[in-house]
There are 2 protein chains.
Amino acid sequence: MARFTRLSSEDRRAQLMDVALAGLAKGGIQEFTVDRICAAAGVSRGLILHHFGSMAGLLAAVYARLYRDTTPDLPALPPEIRLNALIEGSFSPKSFNRDTLNAWVALWGQIANTPALREEHQRQYQAYLAQVTEAIAALGLQADALPLARSLICLIDGLCLQHCLDPEAMPAETAKAACRAFLAPHLG
Amino acid sequence: MARFTRLSSEDRRAQLMDVALAGLAKGGIQEFTVDRICAAAGVSRGLILHHFGSMAGLLAAVYARLYRDTTPDLPALPPEIRLNALIEGSFSPKSFNRDTLNAWVALWGQIANTPALREEHQRQYQAYLAQVTEAIAALGLQADALPLARSLICLIDGLCLQHCLDPEAMPAETAKAACRAFLAPHLG
DNA sequence: ATCCTTGTTGAATGACCGTACAGTAAGAGT
DNA sequence: ACTCTTACTGTACGGTCATTCAACAAGGAT
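Residues numbered from 1 in each chain as written. Chains lettered and ligands numbered in written order. Predicted model: local features only at pLDDT ≥ 70, side-chain atom pairs only at ≥ 80, totals over all residues. Heavy atoms only, no water.

S.K.: Which parts of the structure should I look at to understand the interface of chain B and chain A?
M.R.: The extent of an interface is frequently quoted as the accessible surface area lost upon association of the parts. Facing the 35 residues of chain B at the interface are 35 residues of chain A. Buried area between chain B and chain A, summed over both chains or domains, comes out near 3,000 Å², and the portion from carbon and sulfur atoms is 58%. Contact with chain A buries surface across chain B, with N113, C154 and L165 of chain B losing the most and accounting together for 18% of the total. Connecting chain B to chain A are zero salt bridges. Where chain B packs against chain A, one counts seven residue pairs in polar contact (both at pLDDT 80 or more). When residues of the side of chain B that touches chain A are traced back to their parent elements, those giving at least two are α1 (9-27), α6 (98-111), α7 (115-137), α8 (145-165) and α9 (172-187) of chain B. If one sorts the elements of the side of chain B that touches chain A by residue count, α8 of chain B sits on top with ten residues. (Contact = heavy atoms within 4.5 Å. Buried area = accessible area lost by both parts, 1.4 Å probe. Salt bridge = Lys/Arg side-chain N within 4 Å of Asp/Glu carboxyl O. Polar contact = N/O pair within 3.5 Å; in protein donor to acceptor, adjacent residues only side chain to side chain. Helix = DSSP H or I, 4+ residues; strand = E, 2+ residues; numbered from the N terminus.)

As C-alpha coordinates, this is what we get:
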(Lines give C-alpha, C1' and ligand atoms only; values in the text may rest on other atoms or scores of the structure.)
Protein backbone atom coordinates (compact mmCIF):
# COMPACT_ATOMS: atom_id res chain seq x y z
CA MET A 1 0.00 0.00 0.00
CA ALA A 2 1.79 3.07 -1.24
CA ARG A 3 1.85 6.05 1.12
CA PHE A 4 2.35 8.40 -1.77
CA THR A 5 2.31 8.24 -5.53
CA ARG A 6 5.60 8.73 -7.21
CA LEU A 7 5.37 10.87 -10.33
CA SER A 8 7.94 11.62 -12.95
CA SER A 9 9.84 14.83 -12.35
CA GLU A 10 8.08 16.35 -15.32
CA ASP A 11 4.57 15.46 -14.15
CA ARG A 12 5.15 16.64 -10.60
CA ARG A 13 6.60 19.90 -11.83
CA ALA A 14 3.57 20.44 -14.05
CA GLN A 15 1.20 19.74 -11.17
CA LEU A 16 2.95 22.13 -8.82
CA MET A 17 3.00 24.86 -11.46
CA ASP A 18 -0.71 24.40 -12.08
CA VAL A 19 -1.55 24.56 -8.40
CA ALA A 20 0.67 27.60 -7.86
CA LEU A 21 -0.89 29.33 -10.85
CA ALA A 22 -4.39 28.65 -9.56
CA GLY A 23 -3.37 30.19 -6.24
CA LEU A 24 -2.02 33.30 -7.92
CA ALA A 25 -5.24 33.61 -9.90
CA LYS A 26 -7.40 33.27 -6.83
CA GLY A 27 -5.54 35.27 -4.23
CA GLY A 28 -2.52 36.96 -5.76
CA ILE A 29 1.03 36.72 -4.50
CA GLN A 30 -0.16 36.18 -0.93
CA GLU A 31 -1.22 32.70 -1.97
CA PHE A 32 2.20 31.91 -3.33
CA THR A 33 3.70 30.22 -0.27
CA VAL A 34 5.18 26.80 0.37
CA ASP A 35 2.47 25.86 2.82
CA ARG A 36 -0.51 26.79 0.70
CA ILE A 37 0.80 25.37 -2.56
CA CYS A 38 1.88 22.04 -1.04
CA ALA A 39 -1.37 21.71 0.89
CA ALA A 40 -3.39 22.38 -2.26
CA ALA A 41 -1.31 19.89 -4.21
CA GLY A 42 -1.51 17.29 -1.47
CA VAL A 43 2.23 16.84 -1.14
CA SER A 44 4.72 17.47 1.62
CA ARG A 45 6.47 20.77 2.19
CA GLY A 46 9.85 19.64 0.95
CA LEU A 47 8.82 18.89 -2.59
CA ILE A 48 8.90 22.37 -4.07
CA LEU A 49 12.55 22.88 -3.25
CA HIS A 50 13.37 19.44 -4.52
CA HIS A 51 11.91 20.18 -7.94
CA PHE A 52 12.50 23.92 -8.30
CA GLY A 53 15.38 24.75 -5.99
CA SER A 54 13.60 27.74 -4.48
CA MET A 55 10.30 29.55 -4.50
CA ALA A 56 11.77 32.02 -6.98
CA GLY A 57 12.50 29.11 -9.29
CA LEU A 58 8.90 27.98 -9.11
CA LEU A 59 7.73 31.54 -9.72
CA ALA A 60 9.79 31.80 -12.90
CA ALA A 61 8.54 28.41 -14.09
CA VAL A 62 4.94 29.48 -13.47
CA TYR A 63 5.52 32.65 -15.46
CA ALA A 64 6.84 30.67 -18.43
CA ARG A 65 3.88 28.32 -18.21
CA LEU A 66 1.39 31.18 -18.16
CA TYR A 67 3.05 32.73 -21.19
CA ARG A 68 2.93 29.47 -23.08
CA ASP A 69 -0.67 28.75 -22.14
CA THR A 70 -2.12 32.11 -23.08
CA THR A 71 -0.22 33.33 -26.14
CA PRO A 72 -1.04 31.83 -29.54
CA ASP A 73 1.65 30.15 -31.63
CA LEU A 74 1.66 32.73 -34.41
CA PRO A 75 4.37 31.24 -36.70
CA ALA A 76 2.19 28.13 -37.09
CA LEU A 77 -0.58 30.16 -38.70
CA PRO A 78 -0.89 31.58 -42.23
CA PRO A 79 0.55 35.10 -42.31
CA GLU A 80 -2.69 36.83 -43.27
CA ILE A 81 -4.62 35.69 -40.20
CA ARG A 82 -1.92 36.05 -37.56
CA LEU A 83 -2.84 39.49 -36.30
CA ASN A 84 -6.46 38.52 -36.05
CA ALA A 85 -5.52 35.37 -34.18
CA LEU A 86 -3.43 37.45 -31.78
CA ILE A 87 -6.35 39.74 -30.99
CA GLU A 88 -8.90 36.94 -30.76
CA GLY A 89 -6.56 34.89 -28.62
CA SER A 90 -5.63 37.73 -26.28
CA PHE A 91 -9.27 38.49 -25.51
CA SER A 92 -10.71 35.00 -25.63
CA PRO A 93 -12.34 33.75 -22.42
CA LYS A 94 -9.39 31.45 -21.78
CA SER A 95 -6.98 34.38 -21.45
CA PHE A 96 -9.18 37.39 -20.85
CA ASN A 97 -10.81 36.51 -17.56
CA ARG A 98 -10.30 37.95 -14.15
CA ASP A 99 -8.53 34.94 -12.65
CA THR A 100 -5.94 34.58 -15.38
CA LEU A 101 -5.30 38.31 -15.53
CA ASN A 102 -5.04 38.43 -11.76
CA ALA A 103 -2.18 35.97 -12.03
CA TRP A 104 -0.53 38.11 -14.72
CA VAL A 105 -0.70 41.28 -12.68
CA ALA A 106 0.52 39.52 -9.55
CA LEU A 107 3.53 38.22 -11.49
CA TRP A 108 4.27 41.59 -13.06
CA GLY A 109 4.47 43.03 -9.57
CA GLN A 110 7.26 40.61 -8.71
CA ILE A 111 9.39 40.92 -11.85
CA ALA A 112 11.36 43.96 -10.80
CA ASN A 113 12.37 42.42 -7.49
CA THR A 114 12.93 38.76 -8.33
CA PRO A 115 16.02 38.19 -10.49
CA ALA A 116 15.03 34.68 -11.65
CA LEU A 117 11.61 35.93 -12.70
CA ARG A 118 13.15 38.95 -14.34
CA GLU A 119 15.35 36.77 -16.55
CA GLU A 120 12.42 34.59 -17.51
CA HIS A 121 10.41 37.66 -18.44
CA GLN A 122 13.17 38.97 -20.69
CA ARG A 123 13.26 35.64 -22.50
CA GLN A 124 9.51 35.30 -22.93
CA TYR A 125 8.86 38.89 -23.90
CA GLN A 126 11.61 38.92 -26.48
CA ALA A 127 10.18 35.84 -28.20
CA TYR A 128 6.66 37.26 -28.03
CA LEU A 129 7.75 40.61 -29.47
CA ALA A 130 9.57 38.86 -32.31
CA GLN A 131 6.46 36.88 -33.20
CA VAL A 132 4.21 39.93 -33.23
CA THR A 133 6.75 41.94 -35.21
CA GLU A 134 6.98 39.14 -37.76
CA ALA A 135 3.19 38.94 -37.97
CA ILE A 136 3.05 42.63 -38.84
CA ALA A 137 6.02 42.57 -41.19
CA ALA A 138 4.55 39.62 -43.07
CA LEU A 139 1.76 41.85 -44.27
CA GLY A 140 4.29 43.81 -46.31
CA LEU A 141 3.39 47.32 -45.20
CA GLN A 142 5.50 50.40 -45.47
CA ALA A 143 5.29 51.01 -41.72
CA ASP A 144 8.10 50.01 -39.37
CA ALA A 145 6.90 46.77 -37.82
CA LEU A 146 8.94 46.82 -34.61
CA PRO A 147 7.60 49.97 -32.92
CA LEU A 148 4.12 49.08 -34.12
CA ALA A 149 4.43 45.66 -32.49
CA ARG A 150 5.67 47.21 -29.26
CA SER A 151 2.76 49.63 -29.15
CA LEU A 152 0.23 46.92 -29.90
CA ILE A 153 1.57 44.74 -27.12
CA CYS A 154 1.43 47.69 -24.73
CA LEU A 155 -2.17 48.37 -25.70
CA ILE A 156 -3.10 44.73 -25.18
CA ASP A 157 -1.37 44.66 -21.80
CA GLY A 158 -3.08 47.87 -20.76
CA LEU A 159 -6.46 46.53 -21.79
CA CYS A 160 -5.80 43.34 -19.83
CA LEU A 161 -4.78 45.33 -16.79
CA GLN A 162 -7.92 47.39 -17.04
CA HIS A 163 -10.14 44.33 -17.33
CA CYS A 164 -8.43 42.76 -14.36
CA LEU A 165 -8.91 45.77 -12.10
CA ASP A 166 -12.40 46.59 -13.34
CA PRO A 167 -13.92 43.85 -15.55
CA GLU A 168 -17.25 45.46 -16.38
CA ALA A 169 -15.51 48.61 -17.56
CA MET A 170 -13.58 46.74 -20.24
CA PRO A 171 -15.44 43.84 -21.87
CA ALA A 172 -13.71 41.68 -24.46
CA GLU A 173 -15.53 43.18 -27.44
CA THR A 174 -14.53 46.70 -26.44
CA ALA A 175 -10.94 45.58 -26.06
CA LYS A 176 -10.90 43.92 -29.49
CA ALA A 177 -12.42 47.02 -31.05
CA ALA A 178 -9.73 49.17 -29.45
CA CYS A 179 -6.99 46.99 -30.95
CA ARG A 180 -8.57 47.00 -34.39
CA ALA A 181 -9.03 50.77 -34.25
CA PHE A 182 -5.38 51.06 -33.29
CA LEU A 183 -4.23 48.92 -36.21
CA ALA A 184 -6.62 50.17 -38.88
CA PRO A 185 -4.72 53.34 -39.87
CA HIS A 186 -1.53 51.32 -40.42
CA LEU A 187 -3.12 48.52 -42.39
CA GLY A 188 -4.67 50.85 -44.96
CA MET B 1 14.99 67.16 26.13
CA ALA B 2 12.31 65.61 23.99
CA ARG B 3 12.64 61.90 23.34
CA PHE B 4 10.61 62.24 20.17
CA THR B 5 9.10 65.00 18.09
CA ARG B 6 5.36 65.19 18.07
CA LEU B 7 3.95 65.97 14.66
CA SER B 8 0.43 66.84 13.64
CA SER B 9 -1.59 63.89 12.46
CA GLU B 10 -1.50 65.29 8.95
CA ASP B 11 2.27 65.72 8.86
CA ARG B 12 3.00 62.31 10.29
CA ARG B 13 0.63 60.66 7.84
CA ALA B 14 2.34 62.44 4.96
CA GLN B 15 5.76 61.34 6.18
CA LEU B 16 4.73 57.72 6.56
CA MET B 17 3.12 57.71 3.11
CA ASP B 18 6.28 59.14 1.56
CA VAL B 19 8.50 56.60 3.25
CA ALA B 20 6.19 53.73 2.31
CA LEU B 21 6.07 54.91 -1.28
CA ALA B 22 9.84 55.12 -1.46
CA GLY B 23 10.00 51.56 -0.21
CA LEU B 24 7.55 50.33 -2.84
CA ALA B 25 9.58 52.11 -5.51
CA LYS B 26 12.82 50.59 -4.34
CA GLY B 27 11.85 47.05 -3.49
CA GLY B 28 8.22 46.42 -4.36
CA ILE B 29 5.61 45.01 -2.02
CA GLN B 30 8.24 43.10 -0.06
CA GLU B 31 9.38 46.44 1.37
CA PHE B 32 5.90 47.29 2.51
CA THR B 33 6.10 46.05 6.09
CA VAL B 34 5.64 47.66 9.47
CA ASP B 35 9.23 47.07 10.47
CA ARG B 36 10.88 48.49 7.37
CA ILE B 37 8.65 51.52 7.02
CA CYS B 38 8.90 52.50 10.68
CA ALA B 39 12.64 51.98 10.73
CA ALA B 40 13.06 54.11 7.61
CA ALA B 41 10.83 56.82 9.09
CA GLY B 42 12.61 56.68 12.44
CA VAL B 43 9.47 56.06 14.47
CA SER B 44 8.27 53.20 16.63
CA ARG B 45 6.32 50.24 15.32
CA GLY B 46 2.99 51.23 16.80
CA LEU B 47 2.58 54.44 14.86
CA ILE B 48 1.32 53.11 11.53
CA LEU B 49 -1.69 51.45 13.07
CA HIS B 50 -2.40 54.53 15.15
CA HIS B 51 -2.59 56.72 12.06
CA PHE B 52 -3.91 54.32 9.42
CA GLY B 53 -5.73 51.59 11.32
CA SER B 54 -4.02 48.83 9.38
CA MET B 55 -1.41 48.22 6.72
CA ALA B 56 -4.19 48.01 4.16
CA GLY B 57 -5.26 51.50 5.18
CA LEU B 58 -1.76 52.81 4.61
CA LEU B 59 -1.60 51.02 1.28
CA ALA B 60 -4.79 52.69 0.09
CA ALA B 61 -3.54 56.09 1.28
CA VAL B 62 -0.25 55.58 -0.56
CA TYR B 63 -2.14 54.71 -3.73
CA ALA B 64 -4.17 57.91 -3.53
CA ARG B 65 -1.01 59.92 -2.94
CA LEU B 66 0.74 58.35 -5.94
CA TYR B 67 -2.27 59.13 -8.13
CA ARG B 68 -2.35 62.72 -6.97
CA ASP B 69 1.39 63.20 -7.37
CA THR B 70 1.72 61.81 -10.88
CA THR B 71 -1.45 62.77 -12.78
CA PRO B 72 -1.82 66.33 -14.06
CA ASP B 73 -4.77 68.49 -13.00
CA LEU B 74 -6.37 68.66 -16.44
CA PRO B 75 -9.45 70.79 -15.64
CA ALA B 76 -7.12 73.61 -14.55
CA LEU B 77 -5.64 73.82 -18.07
CA PRO B 78 -7.04 75.39 -21.24
CA PRO B 79 -8.99 72.72 -23.19
CA GLU B 80 -6.78 72.82 -26.28
CA ILE B 81 -3.60 71.80 -24.45
CA ARG B 82 -5.04 69.21 -22.05
CA LEU B 83 -4.31 66.11 -24.12
CA ASN B 84 -0.79 67.24 -24.77
CA ALA B 85 -0.32 67.94 -21.06
CA LEU B 86 -1.58 64.45 -20.28
CA ILE B 87 0.95 62.85 -22.60
CA GLU B 88 3.82 65.07 -21.54
CA GLY B 89 2.95 64.56 -17.89
CA SER B 90 2.56 60.80 -18.15
CA PHE B 91 6.00 60.40 -19.70
CA SER B 92 7.87 63.13 -17.89
CA PRO B 93 10.85 62.04 -15.80
CA LYS B 94 8.88 62.66 -12.62
CA SER B 95 6.34 59.97 -13.51
CA PHE B 96 8.01 57.87 -16.16
CA ASN B 97 10.95 56.47 -14.27
CA ARG B 98 11.62 52.99 -13.07
CA ASP B 99 11.18 53.70 -9.38
CA THR B 100 7.82 55.38 -9.68
CA LEU B 101 6.52 52.80 -12.12
CA ASN B 102 7.79 50.04 -9.90
CA ALA B 103 5.56 51.41 -7.17
CA TRP B 104 2.61 51.52 -9.58
CA VAL B 105 3.02 47.93 -10.68
CA ALA B 106 3.51 46.72 -7.13
CA LEU B 107 0.26 48.44 -6.13
CA TRP B 108 -1.63 47.07 -9.13
CA GLY B 109 -0.66 43.61 -8.01
CA GLN B 110 -2.40 44.17 -4.67
CA ILE B 111 -5.62 45.78 -5.86
CA ALA B 112 -7.52 42.59 -6.59
CA ASN B 113 -6.79 41.14 -3.17
CA THR B 114 -6.97 44.15 -0.87
CA PRO B 115 -10.53 45.50 -0.47
CA ALA B 116 -9.49 48.88 0.91
CA LEU B 117 -7.06 49.39 -1.96
CA ARG B 118 -9.66 48.21 -4.41
CA GLU B 119 -12.13 50.86 -3.28
CA GLU B 120 -9.51 53.56 -3.49
CA HIS B 121 -8.63 52.46 -7.00
CA GLN B 122 -12.26 52.65 -8.13
CA ARG B 123 -12.48 56.20 -6.80
CA GLN B 124 -9.23 57.40 -8.33
CA TYR B 125 -9.69 55.73 -11.70
CA GLN B 126 -13.20 57.02 -12.13
CA ALA B 127 -12.07 60.60 -11.54
CA TYR B 128 -9.10 60.14 -13.87
CA LEU B 129 -11.25 58.66 -16.63
CA ALA B 130 -13.73 61.52 -16.32
CA GLN B 131 -10.94 64.07 -16.71
CA VAL B 132 -9.48 62.40 -19.79
CA THR B 133 -12.91 61.95 -21.34
CA GLU B 134 -13.66 65.62 -20.78
CA ALA B 135 -10.31 66.59 -22.29
CA ILE B 136 -11.19 64.67 -25.45
CA ALA B 137 -14.79 65.82 -25.57
CA ALA B 138 -13.71 69.46 -25.18
CA LEU B 139 -12.08 69.25 -28.59
CA GLY B 140 -15.54 68.90 -30.16
CA LEU B 141 -14.88 65.86 -32.32
CA GLN B 142 -17.43 63.56 -33.81
CA ALA B 143 -15.85 60.52 -32.11
CA ASP B 144 -17.26 59.05 -28.90
CA ALA B 145 -14.98 60.41 -26.21
CA LEU B 146 -15.50 57.76 -23.52
CA PRO B 147 -14.17 54.63 -25.29
CA LEU B 148 -11.38 56.70 -26.78
CA ALA B 149 -10.40 57.88 -23.29
CA ARG B 150 -10.48 54.32 -21.99
CA SER B 151 -8.25 53.11 -24.80
CA LEU B 152 -5.81 55.96 -24.38
CA ILE B 153 -5.50 55.26 -20.66
CA CYS B 154 -4.92 51.58 -21.40
CA LEU B 155 -2.22 52.44 -23.89
CA ILE B 156 -0.52 54.76 -21.41
CA ASP B 157 -0.69 52.11 -18.67
CA GLY B 158 0.70 49.47 -21.02
CA LEU B 159 3.55 51.73 -22.06
CA CYS B 160 4.33 52.43 -18.39
CA LEU B 161 4.29 48.74 -17.60
CA GLN B 162 6.64 48.07 -20.47
CA HIS B 163 9.05 50.79 -19.39
CA CYS B 164 9.00 49.49 -15.84
CA LEU B 165 9.81 45.93 -16.84
CA ASP B 166 12.29 46.87 -19.56
CA PRO B 167 13.25 50.57 -19.52
CA GLU B 168 15.61 50.65 -22.46
CA ALA B 169 13.01 48.98 -24.69
CA MET B 170 10.55 51.80 -24.17
CA PRO B 171 12.06 55.28 -23.82
CA ALA B 172 9.84 58.27 -23.14
CA GLU B 173 9.99 59.65 -26.66
CA THR B 174 8.88 56.34 -28.14
CA ALA B 175 6.00 56.20 -25.68
CA LYS B 176 4.88 59.73 -26.51
CA ALA B 177 5.05 58.98 -30.21
CA ALA B 178 2.90 55.88 -29.72
CA CYS B 179 0.24 57.94 -27.94
CA ARG B 180 0.26 60.63 -30.61
CA ALA B 181 0.06 58.02 -33.36
CA PHE B 182 -2.88 56.49 -31.54
CA LEU B 183 -4.72 59.80 -31.26
CA ALA B 184 -3.87 61.23 -34.68
CA PRO B 185 -6.54 59.39 -36.71
CA HIS B 186 -9.25 60.60 -34.34
CA LEU B 187 -8.12 64.22 -34.16
CA GLY B 188 -8.19 64.70 -37.92
C1' DA C 1 1.53 75.60 37.00
C1' DT C 2 -1.69 72.09 36.19
C1' DC C 3 -4.75 69.40 33.28
C1' DC C 4 -5.94 66.86 29.12
C1' DT C 5 -5.79 65.41 24.68
C1' DT C 6 -3.49 62.51 21.80
C1' DG C 7 0.74 61.48 19.38
C1' DT C 8 4.12 58.04 20.51
C1' DT C 9 6.53 54.14 22.42
C1' DG C 10 7.96 49.31 22.64
C1' DA C 11 7.20 44.80 24.39
C1' DA C 12 4.26 40.80 23.83
C1' DT C 13 1.63 37.65 21.02
C1' DG C 14 0.64 34.08 17.85
C1' DA C 15 0.87 32.98 13.16
C1' DC C 16 3.42 32.30 9.10
C1' DC C 17 7.59 32.61 6.15
C1' DG C 18 11.42 29.97 3.08
C1' DT C 19 15.07 26.85 3.50
C1' DA C 20 17.95 22.92 5.15
C1' DC C 21 18.37 18.27 5.77
C1' DA C 22 18.34 13.56 7.42
C1' DG C 23 15.61 9.80 6.69
C1' DT C 24 12.00 6.92 4.06
C1' DA C 25 10.15 4.34 0.33
C1' DA C 26 8.56 3.68 -4.43
C1' DG C 27 9.33 1.39 -8.44
C1' DA C 28 12.25 0.58 -12.48
C1' DG C 29 16.27 -2.13 -13.81
C1' DT C 30 18.72 -6.36 -13.37
C1' DA D 1 14.67 -11.16 -5.16
C1' DC D 2 17.82 -7.72 -5.02
C1' DT D 3 19.95 -3.16 -5.84
C1' DC D 4 19.90 1.58 -6.84
C1' DT D 5 18.25 5.86 -8.08
C1' DT D 6 15.59 9.53 -6.69
C1' DA D 7 10.97 11.18 -5.65
C1' DC D 8 9.22 12.17 -1.40
C1' DT D 9 8.37 13.10 3.63
C1' DG D 10 8.25 15.90 7.72
C1' DT D 11 10.58 18.11 11.40
C1' DA D 12 13.52 21.74 12.83
C1' DC D 13 15.32 26.31 12.44
C1' DG D 14 15.90 31.24 12.47
C1' DG D 15 13.39 34.99 10.84
C1' DT D 16 9.73 38.08 9.86
C1' DC D 17 4.92 39.18 9.76
C1' DA D 18 0.64 42.37 11.39
C1' DT D 19 -1.74 43.46 15.25
C1' DT D 20 -2.75 44.47 20.25
C1' DC D 21 -2.28 47.21 24.15
C1' DA D 22 -0.88 49.41 28.40
C1' DA D 23 2.11 52.96 29.62
C1' DC D 24 4.47 57.34 28.55
C1' DA D 25 5.10 62.14 27.36
C1' DA D 26 4.71 66.29 24.46
C1' DG D 27 2.76 70.51 24.25
C1' DG D 28 -1.42 73.38 23.72
C1' DA D 29 -5.28 74.94 26.64
C1' DT D 30 -6.79 77.05 30.78
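S.K.: What is the right way to look at the protein's contact with DNA strand D in this model?
M.R.: Neighbouring DNA strand D are 25 residues, the closest being R6, L7, R12 and H50 of chain A together with R45 of chain B. Here DNA strand D approaches the protein such that, of its atoms within 4 Å, sugar and phosphate make up 62%. The backbone of L7 of chain A places a nitrogen or oxygen atom 2.8 Å from a phosphate oxygen of DNA strand D. A distance of 3.2 Å separates a phosphate oxygen of DNA strand D from a polar atom in the side chain of T33 of chain B. Broken down by secondary-structure element, the contributors of at least two residues to the surface near DNA strand D are α3 (47-52) of chain A together with α2 (34-41) of chain B. When the residues that make up the surface near DNA strand D are grouped by side-chain class, the tally is ten nonpolar, seven polar and eight charged. (Near = heavy atom within 4 Å. Nonpolar A, V, L, I, M, F, W, Y, C, P; charged D, E, K, R; others polar.)

S.K.: Help me out: how do you make sense of the side chain of D157 of chain B in this one?
M.R.: Note that D157 of chain B resides in helix α8. Lacking a salt bridge, the buried D157 of chain B has R150 of chain B as its closest oppositely charged neighbour, with an N-O distance of 11 Å. The residues contacting D157 of chain B, other than those within four sequence positions of it, are L161 of chain A together with W108 of chain B. (Buried < 20%, exposed > 50% of the residue type's maximum accessible area, 1.4 Å probe, protein only. Lys, Arg positive; Asp, Glu negative; His and termini not counted.)

S.K.: Please explain the relation of the copies chain B and chain A as it appears in this structure.
M.R.: The operation linking the two copies of the chain is a rotation about an axis combined with a translation along the axis. Note on the identical chains: chain B maps onto chain A by a rotation of 180° and an axial translation of 0.0 Å, with an RMSD of 0.1 Å. As the rotation angle and translation indicate, the two copies are arranged about a two-fold axis. Of the residues that chain B buries at the interface, 100% are likewise interface residues in chain A, meaning the two copies contact each other through the same surface. (Least-squares fit on C-alpha atoms with pLDDT ≥ 70 in both.)

S.K.: Mind showing me how you'd approach the environment of R36 of chain A here?
M.R.: Residue and element names in this part refer to chain A. As for its placement among the helices and strands, R36 is situated in helix α2 (residues 34-41). Taking the C-alpha atoms as reference points, R36 and E168, separated by 132 residues in sequence, lie 30 Å from one another. A distance of 3.2 Å separates a polar atom in the side chain of R36 from a polar atom in the side chain of E31.

S.K.: Quick question: what am I supposed to make of the protein's contact with DNA strand C here?
M.R.: In the vicinity of DNA strand C there are 25 residues, among which R45 of chain A together with R6, L7, R12 and S44 of chain B approach most closely. D35 of chain A has a polar side-chain atom sitting 2.9 Å from a phosphate oxygen of DNA strand C. At a separation of 2.6 Å, a phosphate oxygen of DNA strand C approaches a polar side-chain atom of R12 of chain B. Going through the elements one at a time, α2 of chain A together with α3 (47-52) of chain B are the ones with two or more residues in the surface near DNA strand C.

S.K.: Looking at this structure, I do not really get the packing of aromatic side chains. What am I missing?
M.R.: Each aromatic ring pair is described using two quantities: the centre-to-centre distance and the angle formed by the ring planes. All names here are of chain A. Inspection of every chain in the model, using the stated rule, returns 13 aromatic pairs over all chains. Each ring, one from Y67 and one from W104, has its centre 5.2 Å from the other, and the planes form 80°; the classification is edge-to-face. Remark: W104 occurs in helix α6 (residues 98-111) and Y67 occurs in helix α4 (residues 55-70); sequence separation between them is 37 residues. A single burial state applies to Y67 and to W104, both of which are buried. Of the aromatic side chains, those joined through ring pairs into one cluster are Y63, Y67, W104, W108 and Y128. (Phe/Tyr/Trp six-rings, centres within 6.5 Å; stacked < 30°, edge-to-face > 60°.)

S.K.: Can you walk me through the environment of L101 of chain B in this structure?
M.R.: Along the chain, L101 of chain B falls in helix α6. Those residues in contact with L101 of chain B that lie beyond four places of it in its chain are S95, F96, C160, H163 and C164 of chain B.

S.K.: Before we go on, may I ask you to explain the domain arrangement of chain A in this structure?
M.R.: Residues and elements named next belong to chain A. Examined at the domain level, chain A breaks down into domain 1 (9-62) and domain 2 (66-187). Taken over C-alpha atoms, the centre of domain 1 sits 26 Å from the centre of domain 2. At the junction of the two partners, domain 1 supplies ten residues and domain 2 supplies eleven residues. Summed over both partners, the interface of domain 1 with domain 2 comes to about 920 Å²; 71% of that surface belongs to carbon and sulfur atoms. (Domains from an automatic or database assignment.)

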